Amino acid sequence: MASTQIGSGTSQHIGRIITRAIVTLVMVATLNFILFRIIPGDPASLLLGGARSSVTAEQMVAQQQNWGLDRPLFPDQVVDYLWATLHGDLGFSFKFRGRQVTDLILERLPATIALVGVAQLIAIAVGVMLGLYAGWRRGRAVDHIATGASLALYSTPSFWLGMILIVIFSTTLGWLPGYGAYSPGATIGSLGWLPDYLRHLALPVTAVALGLIGQYVVVARAAMSEVVTEDYMVTARAKGLTNGQMLMRHAFRNAMLPVVTLITLNLGYVVAGAITVEAVFAWPGIGGLTVEALNARDYPVLQGIFLLLGASIVVANLLADVAYGLLDPRVR
Amino acid sequence: MTENIVQYSPRGRARAIKGFLRQFLSHGGAQVGLVCLVFFLIVATMPNMLVGPLQTAINATGDFLVPPSGQHLLGTDEVGRDVLNLVVHGARISLTIALLATVISLVVGTTVGMTSGYFGGWVDTWLMRITDFFFVMPSFVLALVITPVVLEVMGRGGDILGFRPSLFVIIVVIGMTSWSFVARIVRSQTLSLKERTFIDRARVVGSSNFGIMVRHILPNLVPQIAANGALVVAGAIYIETSLSFLGLGDPLQPSWGTLLSLAQRAGAASAGAWWYLGAPGVCALTVSLSFVLIGNALDDTFNPRRRAIP
């Protein structure tokens, strides 16, 4: 891209990374601003919502002045919007009347982090190892089975996997609960709360993890397949290293490069998959909130979620770039 | 302007195509993918001949949530509609959405990538900044906020070009948000192509920039565009299924995702109605997998470096 700046490679690299992150964030915020304003009817009448019939014209004008809606869209309203957003003020929900969007999101965030976090860990452990092994033994039976299965998992919507899991393990076998995060009557902190929570977590986590495993196997296998054809692997074999030594000293570390990047970059897709899975299991996280907001046309909440996703994806990208720089000296 | 382009001799071209087909069809994955795809395309072109008109709650033919039987091969749903009927009609809708969205994203991606790579400079910088944004933000997340707002603006009634508004919006939104990968690949390919001698030659002969891009660069991009196009379709099916599942589809023109959404609302999973939620899911999975397999096989065939790695 614009590689005309003069300076050391590293600072140039970091500068470019940060510029890209800022540009992306500004675009997310701009999109949010525009979307909210192209909805027919001005925000004042939207926010007063069902009460519209009992609201007088004077009250409406007063409210518009109060919210600054009578001022020009640009620059006044844009600046106000960005300023409020930067201070964590995302406005009020339509559906949960009077509640701050920020509060609603923060309340639901832990459940999603638990779901996504545990699923990620399982997927990394299983998927990356399986993929690296399949790439190492490429062309063998292990490889064919692992690749075939993971391509199928990769093409399967994770929420559908969730529905199938419910049919098998919840409805038919009755082993695990397929709805919500707690049994009725259970309170946080009470005896047996954690085992109950984990039992509820099992099926949604499996659904999200299976989808991710498919993806990680594909990437890890491709990375390993590339590595084993490299010249340094031939050298390693010529030096008389055993297969195990070659795998551990040379192949593994080099193959992990693209894998680490993918895992960090993947955050947006993980959360996107989790949204639909949460909807299937009535899991009380961001996904559940998204579905409620979609059904109630609760735009402030929807946009808050979009902003949160956008910001976390940008941060994940920053981390990926930094990690890549640390792992691969060629980038520096 | 460029009448004296050196054409392949017809025989040489036929041989090239034959060679390509032999290599492409030697992939087991490509064979499986093509067979499945042809099957679903046939089903999608004539749903009325195969299973009759789309059933609604009014002309439903069965009891509620009946398991598969001789009369209803895939059972019935919560209002007694034949699931086979719904799935076959869903094939037409899901495939139409996915293919049209892919066409849009290929056109946008190729245009952006080619312009960016060919002109370079500030055009490249700015187009790539926009591309980066779409590359970083998952298409699904973007579609999730854009679709309901656009629907609110346009209204859900009537139809646009024969589609219900929600389907039309989903097609356009998926198309406009999933082109970044294509743009990146086309750009890098254009960068190397424009340094070749035949481009210099075309310029000396007096071709315009537009002429060079369309007549000389674009034909050389076809392999990359085709391989990635297949993967874009797979992605589009995934996004469409997820969006419709969250209730953004249209019940009057139900896609596979909409059927899954209806199954979820009817509590099919907890009622153990595996046929109701199984059928649309298996279809979406099969078609999506077919496109992935075909895309991978095309990539292997066109890309000698990948071919070297079994």
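Quick caveat: nothing in here was measured; it's all calculated off a predicted structure.

What counts, and where the lines are drawn
- Residues numbered from 1 in each chain as written.
- Chains lettered and ligands numbered in written order.
- Predicted model: local features only at pLDDT ≥ 70, side-chain atom pairs only at ≥ 80, totals over all residues.
- Heavy atoms only, no water.
- Helix = DSSP H or I, 4+ residues; strand = E, 2+ residues; numbered from the N terminus.
- Buried < 20%, exposed > 50% of the residue type's maximum accessible area, 1.4 Å probe, protein only.
- Contact = heavy atoms within 4.5 Å.
- Areas by Shrake-Rupley, 256 points an atom, 1.4 Å probe, with all protein chains shown as cover.
- Lys, Arg positive; Asp, Glu negative; His and termini not counted.
- Charge placed at Lys NZ, Arg CZ, Asp CG, Glu CD.
- Buried area = accessible area lost by both parts, 1.4 Å probe.
- Salt bridge = Lys/Arg side-chain N within 4 Å of Asp/Glu carboxyl O.
- Polar contact = N/O pair within 3.5 Å; in protein donor to acceptor, adjacent residues only side chain to side chain.
- Nonpolar A, V, L, I, M, F, W, Y, C, P; charged D, E, K, R; others polar.
- Patch = residues over 30% accessible without salt bridge, like charges linked within 9 Å, V, L, I, M, F, W, Y side chains within 5 Å.
- Expected span 1.5 Å × (residues − 1).
- Bend = angle between axes of the 7 residues up to and from the residue.
- pLDDT = per-residue confidence, 0-100.
- Phe/Tyr/Trp six-rings, centres within 6.5 Å; stacked < 30°, edge-to-face > 60°.
- Lys NZ or Arg CZ within 6 Å of the ring centre and 35° of its normal.
- Axes fitted to C-alpha atoms, helices over the stretch in contact; angles between N-to-C directions.
- Left-handed = near helix turned anticlockwise from the far one by under 90°.
- Core = buried A, V, L, I, M, F, W, Y, C linked by side-chain atoms within 4.5 Å.
- Parallel < 35°, antiparallel > 145°, perpendicular 65-115°, else oblique.

*Asks:* Is there a simple way to think about the overall build of chain B in this case?
*Replies:* Counting its regular elements, chain B contains 13 helices and zero strands. The order of helices and strands in chain B, counted from the N terminus, is α-α-α-α-α-α-α-α-α-α-α-α-α. Per-residue burial for chain B yields a buried fraction of 50% across its 310 residues. The contacts of chain B with a sequence gap of at least 6 include a subset with a gap of at least 24, amounting to 70%. When the accessible surface of chain B is summed, it comes to about 13800 Å², and 66% of that surface belongs to carbon and sulfur atoms. Between the mean site of the 21 positive side-chain charges and the mean site of the 15 negative ones, chain B shows a separation of 15 Å.

*Asks:* Would you mind showing me how to read the interface of chain A and chain B here?
*Replies:* A common way to report how large an interface is uses the accessible area buried once the components associate. Between chain A and chain B, the residue contacts involve 51 residues of the former and 49 residues of the latter. Both faces considered, chain A and chain B share a buried interface measuring about 4600 Å² in area, 76% of it formed by carbon and sulfur atoms. For the pair chain A and chain B, the number of links is zero salt bridges. For the pair chain A and chain B, the interface holds four residue pairs in polar contact (both at pLDDT 80 or more). Taken together, the residues of the side of chain A that touches chain B break down into 32 nonpolar, 13 polar and six charged.

*Asks:* Any chance you could explain a nonpolar patch on the surface here in plain terms?
*Replies:* All names here are of chain A. A cluster of nonpolar side chains, contributed by I14, I18, I22 and V26, occupies part of the molecular surface with about 340 Å² of accessible area. On the secondary structure map, I18 appears in helix 1 (residues 9-38). Given the relative accessible area of 40%, I18 is considered partly exposed.

*Asks:* I tried to follow the environment of A:M246 on my own but got confused; where do I start?
*Replies:* Position of A:M246 relative to the elements: it lies in helix 10 (residues 243-265). In sequence terms A:M246 and A:Q120 are 126 residues apart; their C-alpha atoms lie 28 Å from each other.

*Asks:* What is the right way to read helix 10 (residues 209-248) of chain B from this model?
*Replies:* Because an α-helix completes one turn every 3.6 residues, residues spaced three or four positions apart along the sequence face the same direction. Taking 1.5 Å of rise per residue, the 40 residues of helix 10 of chain B would be expected to cover 58 Å, yet its terminal C-alpha atoms sit only 42 Å apart, more than 12% below that figure. Along its length, helix 10 of chain B shows its largest kink, about 50°, at B:L218, and proline B:P219 lies within four residues downstream of that point.

*Asks:* What is the right way to look at the confidence of the model for chain B in this model?
*Replies:* Low pLDDT marks stretches whose predicted atomic positions should not be read closely. Residue and element names in this part refer to chain B. Averaged over all residues, the pLDDT of chain B equals 81, while 90% of them reach at least 70. Within chain B, helix 4 (residues 83-119) carries the highest mean pLDDT (90), whereas helix 13 (residues 304-308) carries the lowest (49). Contacts for the low-pLDDT stretch residues 306-310, under 50 throughout, to residues beyond four places or in other chains number 12 contacts. ipTM for the predicted complex: 0.82, alongside a pTM of 0.83.

*Asks:* How do you make sense of the packing of aromatic side chains when you look at a structure like this?
*Replies:* To describe a pair of aromatic rings, you give the distance between the ring centres and the angle between the ring planes. Residue and element names in this part refer to chain B. Across all of its chains, the model carries seven aromatic pairs over all chains by this definition. Look at F134 and W179: their rings are 5.1 Å apart centre to centre, the planes differ by 50°, and that puts the pair in the tilted class. A residue pair is termed long-range when its members are at least 10 positions apart, and F134 in helix 5 (residues 121-136) and W179 in the loop between helix 7 (165-177) and helix 8 (180-193) qualify at 45 residues. Given a relative accessible area of 17%, F134 falls into the buried group. You can call W179 buried: its relative accessible area is 5%. Ring pairing ties together the aromatic residues F39, F40 and W256, which thus form one cluster. Lying across the ring of W126, R129 places its NZ or CZ 4.9 Å from the centre. Geometry around F135 places R184 over its ring, the cationic atom sitting 3.7 Å from the centre.

*Asks:* Please clarify how the packing of helix 4 of chain B against helix 7 of chain B should be interpreted in this entry.
*Replies:* The geometry of a pair of packed helices is captured by two quantities: the angle between their axes and the separation between those axes. All names here are of chain B. Relative orientation of the contacting elements helix 4 and helix 7 amounts to 40°, with a least axis distance of 7 Å. Pair helix 4 / helix 7 crosses with right-handed handedness. Every residue of helix 7 that contacts helix 4 at I93, I97, L100, A101, I104, S105 and V108 is listed here: L167, I170, I171, V172, I174, G175 and M176. Per-class residue counts for the contact of helix 4 with helix 7 are 12 nonpolar, two polar and no charged.

*Asks:* What is the right way to read a positive patch on the surface from this model?
*Replies:* Residues and elements named next belong to chain B. Taken together, R11, R15, K18 and R22 make up a surface patch of like positive charges. In this fold, R22 is placed in helix 1 (residues 10-25). Looking at R22, the relative accessible area reads 60%, which means it is exposed.

*Asks:* Explain unusual backbone geometry here, please?
*Replies:* Leaving glycine aside, a negative phi is the common case for residues, and trans is the common case for peptide bonds. All names here are of chain A. Positive phi values are uncommon outside glycine, yet A282 reaches one of about 50°. Secondary-structure assignment places A282 in the loop between helix 11 (267-281) and helix 12 (286-295). We classify A282 as partly exposed; its relative accessible area is 32%.

*Asks:* What is the right way to look at the side chain of B:S94 in this model?
*Replies:* Residues and elements named next belong to chain B. Within the element layout of this structure, S94 appears in helix 4. Take S94: its relative accessible area is 3%, and that puts it in the buried class. Separated by 3.0 Å, the side chain of S94 and the backbone nitrogen of W256 make a polar contact. Every residue in contact with S94, bar those within four places of it in the chain, is listed here: E240, S255 and W256.

*Asks:* I keep staring at the nonpolar core and nothing clicks. Help me out?
*Replies:* The nonpolar side chains of a soluble globular protein tend to be buried, and buried together. By size, the foremost hydrophobic cluster in this structure holds 144 residues, and its most contacted members are A:M163, B:L243, B:W256 and B:L277. When residues of this core are assigned to their parent elements, the largest contribution, 16 residues, is made by helix 8 (residues 193-228) of chain A. Dropping the residues within four chain positions of it, B:W256 is found in contact with B:F40, B:V87, B:G90, B:A91, B:S94, B:P280, B:C283, B:A284 and B:V287. If you look at the next biggest cluster of nonpolar residues, it comprises 14 residues, including B:M114, B:I199, B:L221 and B:I225.

*Asks:* Looking at this structure, I do not really get the packing of helix 11 (residues 256-265) of chain B against helix 12 (residues 274-302) of chain B. What am I missing?
*Replies:* Residues and elements named next belong to chain B. Contact geometry for helix 11 and helix 12: axes closest at 9 Å, N-to-C directions at 155°. In terms of orientation, helix 11 and helix 12 fall into the roughly antiparallel class. Classified by chirality, the crossing of helix 12 by helix 11 is left-handed. When helix 11 is examined against helix 12, the residues W256, L259, L260, L262 and A263 are found in contact with a partner set consisting of Y276, L277, P280, G281, C283, A284 and V287. A breakdown of the residues in the contact of helix 11 with helix 12 according to their chemical character gives 11 nonpolar, one polar and no charged.

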